[in-house]
Amino acid sequence: MSDKDLLQMFKVVAERVDKKSFADITRESVITDLGVDSLSMMQIVGEMETELDLQIPDEDLVEIVTVGDLCAKIENRMGA
Amino acid sequence: MGSNKDEVQVSYDVSNEFFRLWLDERMNYTCAVYESEDQSLEAAQLNKLAILSDFAKVTPDSHVLDIGCGWGACLEYLATSRSVKKATGVTLSSAQADEVNARNIPGVKVHDADFMKWETEEKFDAVISICMMDHLCSPQEAREGKAVDIYREYFRRVHAMTNPGAWFGLQTILRNRTPRRGQILQDLYFVTHEIFPGGLNPRLEEIIAAVNPYWEVITVKQRRTDYQRTTAEWLRRLRLNETAIRQEWGDKCFEDYQRYLDTCVRCFDQHISSLAQYELRRID
Ligand SMILES: C[S@@+](CC[C@H](N)C(=O)[O-])C[C@H]1O[C@@H](n2cnc3c(N)ncnc32)[C@H](O)[C@@H]1O
């Protein structure tokens with residue numbers, strides 16, 4: 001799975017969870033600046049984990065600040 | 001840093017009478033440790049205080065510091081059951097400090113202060129701190145990777161205020177698993193925003209990392225199911241007083257606290273939250 005695919009997946013999942021558009025996000029986008037609160041954020045993480053059949057360790061979750069941080073945690077788990 | 005004075009007021013200043021209705025008579029607002037199936041909450045709270053006082057190697061002549069002393073249950077226990085002649089408490093809640101000082105417990109003095117800024121000339125021989133660390137680091141600071149540094153600063157301050165040979169009986173609530181979905185996620189969000197704003201429970205590994213180079217970890221006791229039982233008992237007592245609480249403090253207050261305590265019970269059950277007690281020896 002490429003960089004772009006993960007970013008695209010975040011967009012689709014976030015739009016489903018928060019019911020609004022996330023048109024212009026990049027890896028550098030700060031998740032809270034996108035108006036995503038910690039509740040939605042965990043739901044997004046959960047849905048991406050389910051779709052990709054992997055789990056990010058609980059202790060890593062608090063450090064996720066940007067969309068890219070989340071993608072990196074996922075890539076780590078995929079061994080990519 | 002962590003919960004500020006206003007946020008701590010949200011958590012503890014609803015009204016002392018309100019908390020007295022569903023906590024034990026001495027108003028311990030933290031996990032009790034049960035010794036048997038049929039032990040009362042009151043006895044289990046005393047048992048908890050005995051364990052932490054033993055961890056802190058308290059003697060009648062020790063000058064004891066209680067950081068985040070709440071309504072003074074531990075200070076009173078030290079003065080009465082352990083014959084401690086001098087015990088000092090610090091709390092960020094003015095209502096709590098006033099309440100304890102008004103009781104004029106012999107040898108006990110409570111300061112209304114932020115421990116992270118508090119200056120004192122005194123040196124202590126024994127320290128107890130029961131579930132105060134969960135107020136130290138905000139979710140935002142944790143995201144910025146500051147949690148361990150903040151906890152280490154707390155341990156450094158305690159170290160600087162103690163005499164060589166001091167011991168520390170510490171108790172902290174912990175976060176462990178993070179739910180990704182379902183009602184429990186919504187409820188957890190409610191608790192961290194409405195009942196305990198500004199704070200985030202530490203993780204066990206963060207505490208272990210942060211004690212160095214100031215304190216040596218001698219014992220860690222895990223008490224997850226004790227806290228489940230304690231919060232279930234608080235919930236039972238809250239519901240017993242439902243009519244009085246709704247009348248005096250309103251429907252929202254009752255419903256918020258019912259939701260909060262019910263969430264706690266489920267969080268301990270599902271390993272989302274836990275609790276640990278630590279016996280720490282000062283590295284001189
Ligand atoms: C959950 S209560 C526990 C009270 C008490 N130790 C007990 O067992 O019932 C947490 C306590 O920590 C205090 N606290 C929180 N942040 C503090 C700070 N920065 N400085 C001093 N006290 C603080 C609160 O005012 C409150 O009394």
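Heads up: these notes are all about the structure in this document. (Residues numbered from 1 in each chain as written. Chains lettered and ligands numbered in written order. Predicted model: local features only at pLDDT ≥ 70, side-chain atom pairs only at ≥ 80, totals over all residues. Heavy atoms only, no water.)

### Description of the packing of helix H8 (residues 183-195) of chain B against helix H12 (residues 251-269) of chain B
Residue and element names in this part refer to chain B.
Point 1. Following both chains from N to C, one finds H8 and H12 inclined at 125°, their axes separated by 9 Å at the closest point. With respect to their mutual orientation, H8 and H12 come out oblique. Of the two elements, H8 crosses H12, and the hand of that crossing is left-handed. When H8 is examined against H12, the residues Gln183, Ile184, Gln186, Asp187, Leu188, Phe190, Val191 and Ile195 are found in contact with a partner set consisting of Asp256, Tyr257, Arg259, Tyr260, Thr263, Arg266 and Cys267. (Axes fitted to C-alpha atoms, helices over the stretch in contact; angles between N-to-C directions. Helix = DSSP H or I, 4+ residues; strand = E, 2+ residues; numbered from the N terminus. Parallel < 35°, antiparallel > 145°, perpendicular 65-115°, else oblique. Left-handed = near helix turned anticlockwise from the far one by under 90°. Contact = heavy atoms within 4.5 Å.)

### As for the site of the ligand
Point 1. For the ligand, the set of nearby residues contains 20 residues, the closest of which are B:Tyr29, B:Thr30, B:Gly68, B:Gln96 and B:Phe115.
Point 2. B:Phe115 places a main-chain nitrogen or oxygen 2.8 Å from a nitrogen atom of the ligand. (Near = heavy atom within 4 Å. Polar contact = N/O pair within 3.5 Å; in protein donor to acceptor, adjacent residues only side chain to side chain.)

### Description of the pairing of strand E1 (residues 63-67) of chain B
Residues and elements named next belong to chain B.
Point 1. Among the five residues of E1, five are classified as buried, and the element is accordingly described as predominantly covered.
Point 2. The alternating pattern of E1 places His63, Leu65 and Ile67 and Val64 and Asp66 on opposite faces, both of which are buried.
Point 3. Pairing of E1 with strand E2 (residues 86-91), which is carried by five bridges, proceeds in the parallel orientation. Bridge pairing in E2 places His63 opposite Lys86.
Point 4. With helix H4 (residues 73-81) bridging E1 and its parallel neighbour E2, the resulting β-α-β unit is right-handed.
Point 5. The pairing of E1 with strand E4 (residues 124-130) spans four bridges and is parallel. Opposite Ile67, over in E4, you have Ser129 as the bridge partner. (Buried < 20%, exposed > 50% of the residue type's maximum accessible area, 1.4 Å probe, protein only. Pairing = 2+ DSSP bridges. Right-handed = clockwise from strand over helix to strand, strands pointing away.)

### Describing unusual backbone geometry
All names here are of chain B.
Point 1. Note that the residue after Asn212, namely Pro213, is joined by a cis bond; omega there is 0°.
Point 2. Inspection of the secondary structure assignment puts Pro213 in the loop between helix H9 (204-210) and strand E6 (215-222).
Point 3. One non-glycine residue, Met27, lies in positive phi territory at about 60°.
Point 4. Within the fold, Met27 resides in the loop between helix H2 (16-22) and helix H3 (41-55).
Point 5. Even without glycine at this site, Cys131 takes up a positive phi of about 55°.
Point 6. By the secondary structure assignment, Cys131 is in the loop between E4 and helix H6 (139-143).
Point 7. Assessed through its relative accessible area of 9%, Cys131 is described here as buried.

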